[in-house]
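The lines below spell out each chain.
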Amino acid sequence: MSTTTALSQNPKAVNFLLAGVGGQGAILASNVLAELGIALGFDVKQAEIHGMSQRGGSVTSQVRWSDHVYSPTIPPGEADFLIAFEKSEAVRFIHHLKPSGILLVNNHAIVPVTVTSGAEAYPLHEEIQQELNGYTNNIVWIEGVVEARKAGNVKSSNVVMLGALSKFFKYPSNTWLSVLEQRVPARYIDINIKAFEAGRNLIQN
Amino acid sequence: MKRLLSGNEAVAQGAWEASVKVASAYPGTPSTEILETLAPYPNVYAEWAPNEKVALDSAIGAAYAGRRALCTMKHVGVNVAADSLFYVAMTGSEAGLVIVSADDPSMHSSQNEQDNRQFARFTRIPCLEPADSQEAKDMTIAAFELSEQFDTPVLLRLTTRVCHTSAPVEVFPDQKTHPPIPDKYPRNPNKYVMIPANARIHHPIIEKRIRKLADYAESSPLNIAEIRSLELGIVTSGIAYQYAREVFPDASVLKLGMVYPLPEKLIQDFASEVKNLIVLKELDPFIEEQLRLMGIKLYVPKDAEKAYRPGSKSIFPLCGELNPVVVRTSAEAAGLLPPALTTPSAPSQLKIPNRPPMLCPGCPHRATFYNLRKMKWPVAGDIGCYALGVVPPLSAIHTCGCMGAGIGVAHGAAVAGDTEQHVAVIGDSTFFHTGIPALMNVAYNQSNVITIIMDNRITGMTGHQQNPGTGKTLQQKDTIEVNIEAMVHAMGIQEVKTVNAFSVKEVSDTLKSWKDLDKPAVLITKGECALLPNARKGWMPLRIDSTKCIGCDICIRTGCPALRKSDLIHEKNGRHLTEIDPQQCTGCEVCAQVCPQNAILFREQVLAELSIDQEVN
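Residues numbered from 1 in each chain as written. Chains lettered and ligands numbered in written order. Predicted model: local features only at pLDDT ≥ 70, side-chain atom pairs only at ≥ 80, totals over all residues. Heavy atoms only, no water.

Caption draft 1: How the structure looks around the overall build of chain B. Along its length, chain B carries 21 helices and 20 strands. C-alpha extents for chain B along the principal axes are approximately 85 × 70 × 55 Å. Expressed as a percentage of its 617 residues, the buried residues of chain B come to 58%. Contacts in chain B between residues far apart in sequence, at least 24 positions, make up 74% of those at least 6 positions apart. (Helix = DSSP H or I, 4+ residues; strand = E, 2+ residues; numbered from the N terminus. Buried < 20%, exposed > 50% of the residue type's maximum accessible area, 1.4 Å probe, protein only. Contact = heavy atoms within 4.5 Å.)

Listed below in structure tokens is the structure:
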């Protein structure tokens, strides 16, 4: 899809919901979004849940930008962006997206032990697609793992997603990268810049 | 300068700016990051204590010695520390003492959602409740000042959403001046020795103190009346303030930064200004009940079902954390807001697999639970990662209540005459926390409980904190390692054995040899948490030989997330063969040990294969 459905040039308030599985880097991505919001002059809140959810569970993080953010959590149906690092997690949280909101979903499945042990089933890709399409027309599928591997580290798919997301805003690449560079270890900066640009190039103007 | 800080990080920053000298804690979600953040700051001593009571006594000792002190814990930690909290509420201290209780509404990582504002009323100490990170910092500093001004410990009550939400905070690079430190340790037995004669004198003093604090609350900058529309007035505090502003942007709000004691006149004045008055708070009707006792008239909801009953709340739920949706729907039901014009989308009905928390691949607890499940003995669990031994397919734990409970619960069943072999499992850190007195009881009263101390060399569930068994302090100094086996021997327990936690057979043989023994026995299963940096270095994925696997699923019963069904099907029995996810497998070999077909290659076999490959290539 093109970015014609993107937010206006200077959004007044943006709600990001990030969903994935423990270890996918959802928290790092949300840290970047929070710092970016501050750099852009917004009030910001970033909420996450730690604890048992870290161990193979689904992980969510929420970032809100506004002139004054009150609730740290986004009410269901009010997320402008749902950034799903795993495709079944996109389904789990899709109802949080605004009708006009945008879903960025990593075309990647992490199959939980409930499925490998035979107790539950992982839905077919077509089922997931059909289900998500029922909620919104603004869906961007991203080959995050493929692009991350090309960039040099399969774990950088979170940054590929950020790169794709960046195309929906009019802020220049460098604004994002300067925040990103402060949040990743020095030895991984080059890989992360590559991953970011790869994600950015996936989205047409 | 503004920095993005979580509520926990902001408390640490505030304590440092307030020149805190000593901080002591036992880790517990959602409080853990406070001390982790504070520990590297200069000019502060910060420690992990074995439990919250010890931590509080340590902080009290520092405050008695005239040094500002901080003690942090999760809500249930206050139960452990309560005895100390009550005496220090009576004595006060020489320098500021701040106790942080991080409550967990909705029980994201806890066994209950107790509302610890109740402890403030119970012990007659003031309670502050920040609504965001900036306030968390500011109120930490204010708490030290209040503590000294009124000679009282101060409870700083956080909730998960404040602890783990990050927001911009104004930080300063300099510390405030600490009150003068006494030249010599103060000796004031009338104040600090709570024998009955002194305690009787102190009780009226603290009752008077709480009345003075209530007077202070009337004009404290911590309590703010925000007057907007007079149609609706909301008394609120903490995170609920944010929901009040989000859902009722036009309403007047009385925001209480100090939730105990309450400013009665301020509340009366606010109530008299607005047409309808409600209280918006999570969990207990702590404020609502006090307002009713003050005779303040609260809005009566339209819904008769919601009529007020003592102990209940009239509009908002008692259970679980609030959020803007819960607040809005409760307000709609009560007739405070018109019904929403649009209903948000319903969650998807497509069946998505659950992702329950599991023992990680390579977890040193797995072999023990695999054995316990096979033995079918009743197992009393405890608080820590190993509580996940309850999750299928391991399904090996039958009780788990609070820190240190398991050994006592197993002992109780044994002395009650139940004839099954009772087992308690407890981690190293939890054993140090409250397991030691319980095991001493087993030893002293000679029940035939088998206690398994699962020593994974770290405090795991809260994210790898050092403890008395690890040889490092919170501030990364080298120190002693408590010798668990020697300690158990010293209790007079004769049957004690330390085994390799990853050896299915060693664990099994030892447990079987102790069945129906007429005295206590202790098994220490020693094996590093697979996520520790040193353990990670040794990760090496194993492989399943598909020509040998018959798809019997016995390995899957170890509950390892790295094992999965492959698309390959066994020729004869039609079952799916098992495969190992090389991204997840650490090479712990538990599955290889239990495979009856010898289809799973051990590390040595995998290495041998690799070297053959290399020779061929």
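Caption draft 2: Main features of the packing of aromatic side chains. If you walk through the whole model with that rule in mind, you get 17 aromatic pairs over all chains. Between Phe16(A) and Trp65(A), the ring centres sit 4.9 Å apart and the planes meet at 70°, which makes this aromatic pair edge-to-face. On the criterion of sequence distance, the pair formed by Phe16(A) in strand S1 (residues 14-21) and Trp65(A) in strand S3 (residues 58-66) is long-range, its members being 49 residues apart. For Phe16(A), a relative accessible area of 0% translates into the label buried. Judged by relative accessible area, which is 0%, Trp65(A) ranks as buried. Each ring, one from Phe81(A) and one from Phe168(A), has its centre 6.1 Å from the other, and the planes form 70°; the classification is edge-to-face. In this pair, Phe81(A) sits in strand S4 (residues 79-84) while Phe168(A) sits in the loop between helix H6 (157-166) and helix H7 (173-183), placing the two residues 87 residues apart along the sequence. Across this residue pair, the class does not change: Phe81(A) and Phe168(A) are buried. One aromatic cluster in this structure is built from Phe16(A), Phe42(A), Trp65(A), Phe81(A), Phe168(A), Phe169(A), Tyr171(A), Trp176(A) and Phe196(A). In this structure, Lys255(B) is placed above the aromatic ring of Tyr241(B), and the distance from its NZ or CZ to the ring centre is 5.2 Å. (Phe/Tyr/Trp six-rings, centres within 6.5 Å; stacked < 30°, edge-to-face > 60°. Lys NZ or Arg CZ within 6 Å of the ring centre and 35° of its normal.)

Caption draft 3: Fine view of the environment of Ser546(B). Residues and elements named next belong to chain B. On the secondary structure map, Ser-546 appears in the loop between helix H19 (533-537) and strand S19 (563-569). Sequence separation between Ser-546 and Asp-284 is 262 residues; the distance between their C-alpha atoms is 58 Å. Filtering out sequence-adjacent residues up to four positions away, Ser-546 remains in contact with Leu-568 and Leu-577.

Caption draft 4: Structural context of the nonpolar core. All names here are of chain B. Counting residues in hydrophobic clusters, the biggest one holds 112 residues, and the most contacted among them are Leu-70, Phe-248 and Leu-291. The element best represented in this core is helix H6 (residues 133-150), accounting for eight residues. Each of domain 1 (2-219) and domain 2 (223-333) accounts for three or more of the residues forming this core. Sequence-distant contacts of Leu-70, defined by excluding residues within four places in its chain, comprise Ala-15, Val-20, Val-22, Ala-23, Ser-24, Ile-34, Leu-35, Leu-38, Ala-59, Val-98, Val-100 and Phe-144. (Core = buried A, V, L, I, M, F, W, Y, C linked by side-chain atoms within 4.5 Å. Domains from an automatic or database assignment.)

Caption draft 5: Examining the environment of Ala69(B) more closely. All names here are of chain B. Tracing the chain through its elements places Ala-69 in strand S4 (residues 69-74). Ala-69 sits 331 residues away from Cys-400 along the chain, and the two C-alpha atoms are 33 Å apart. The contacts of Ala-69, once residues within four sequence positions are left out, are Val-20, Val-22, Ala-59, Ala-62, Ala-63, Gly-96, Leu-97, Val-98 and Phe-144.

Caption draft 6: Layout of helix H1 (residues 26-39) of chain A. Residues and elements named next belong to chain A. Look at H1: 20 Å from first C-alpha to last across 14 residues, which is about the 20 Å you get at 1.5 Å a residue. When H1 is considered as a whole, its buried residues turn out to be Ala-26, Ala-29, Ser-30, Asn-31, Val-32, Leu-33, Ala-34, Leu-36 and Gly-37. One or two steps after H1, the chain reaches Gly-41, where phi turns positive at roughly 95°. (Expected span 1.5 Å × (residues − 1).)

Caption draft 7: Quick look at the interface of chain B and chain A. Every contact between the two is made by 48 residues of chain B and, on the other side, 51 residues of chain A. The contact between chain B and chain A buries some 4,200 Å² in all, and 61% of this surface belongs to carbon and sulfur atoms. The largest per-residue losses of area from chain B upon contact with chain A belong to Leu4(B), Pro353(B) and Arg355(B), which jointly make up 19% of the total buried on that side. Applying the counting criterion to the chain B and chain A interface returns four salt bridges. Among the salt bridges present, the one from Arg355(B) reaches Glu86(A), with a minimum N-O distance of 3.0 Å. Counting every contact that joins chain B to chain A gives 16 residue pairs in polar contact (both at pLDDT 80 or more). (Buried area = accessible area lost by both parts, 1.4 Å probe. Salt bridge = Lys/Arg side-chain N within 4 Å of Asp/Glu carboxyl O. Polar contact = N/O pair within 3.5 Å; in protein donor to acceptor, adjacent residues only side chain to side chain.)

Caption draft 8: Local environment of the pairing of S4(A). All names here are of chain A. Within S4, six of the six residues are buried, which leaves it mostly tucked inside the rest of the structure. Pairing analysis gives four bridges linking S1 to S4, with the strands arranged parallel. Bridging from a neighbouring strand, Leu-17 pairs with Leu-82 of S4. Direction of pairing for S4 relative to strand S5 (residues 97-106): parallel, over a ladder of five bridges. Along S5, the bridge assignment pairs Ile-83 with Leu-104. Of the crossover connections in this fold, the one passing from S4 over helix H2 (residues 87-93) to the parallel S5 is right-handed. (Pairing = 2+ DSSP bridges. Right-handed = clockwise from strand over helix to strand, strands pointing away.)

Caption draft 9: Highlighting the pattern of salt bridges. Residues and elements named next belong to chain B. Summed over all chains, the structure comprises 35 salt bridges over all chains. Linking Arg-124 and Glu-207 is a salt bridge whose minimum nitrogen-to-oxygen distance equals 2.9 Å. Taken together, the positions of Arg-124 in the loop between helix H5 (117-123) and strand S6 (127-128) and Glu-207 in helix H9 (residues 196-219) put the pair 83 residues apart, joining distant regions of the chain. Close ionic contact of Asp-553 with Lys-565 constitutes a salt bridge, the shortest N to O distance being 2.4 Å. One end of the pair, Asp-553, is in the loop between H19 and S19; the other, Lys-565, is in strand S19, and twelve residues separate them in sequence. For Asp-553, a relative accessible area of 23% puts it in the partly exposed group.

Caption draft 10: A look at the domain arrangement of chain B. Residue and element names in this part refer to chain B. For chain B, the assigned domains read domain 1 (2-219), domain 2 (223-333), domain 3 (366-535) and domain 4 (539-616). When each unit is reduced to the centre of its C-alpha atoms, the spacing between domain 1 and domain 2 is 26 Å. Of the roughly 2,400 Å² buried between domain 1 and domain 2 on both sides combined, carbon and sulfur atoms contribute 54%. Between domain 1 and domain 2 we count three salt bridges in total. Inspection of the region where domain 1 meets domain 2 yields 19 residue pairs in polar contact (both at pLDDT 80 or more). Mapped by element, the contributors of at least two residues to the side of domain 1 that touches domain 2 are H5, S6, H6, strand S7 (154-159), helix H7 (160-163) and H9.

Caption draft 11: Quick look at the confidence of the model for chain A. Overall, the prediction assigns chain A a mean pLDDT of 90, with 92% of residues at 70 or greater. The lowest-confidence element of chain A is helix H3 (residues 113-116) of chain A, averaging 82 in pLDDT; the highest-confidence one is S4(A), averaging 98. (pLDDT = per-residue confidence, 0-100.)

Caption draft 12: Structural detail: the sheet that holds strand S9 (residues 223-226) of chain B. All names here are of chain B. Read from one edge to the other, the open sheet built from four strands follows the order S9-S11-S10-S13, with strand pairing classed as mixed. Strands at the two margins of the open sheet, each flanked by one partner only, are S9 and strand S13 (276-280). Each neighbouring strand pair of the sheet contributes to a mean axis angle of 15°, computed without reference to strand direction. Where strand S10 (residues 229-236) meets strand S11 (residues 251-256), five bridges bridge the pair, whose relative direction is parallel. Residue pairing across strands places Gly-233 opposite Ser-252, the latter belonging to S11. On top of the sheet, helix H11 (residues 264-273) reaches S9, S10, S11 and S13; it is set at about 175° to S11, its chief contact. (Axes fitted to C-alpha atoms, helices over the stretch in contact; angles between N-to-C directions.)

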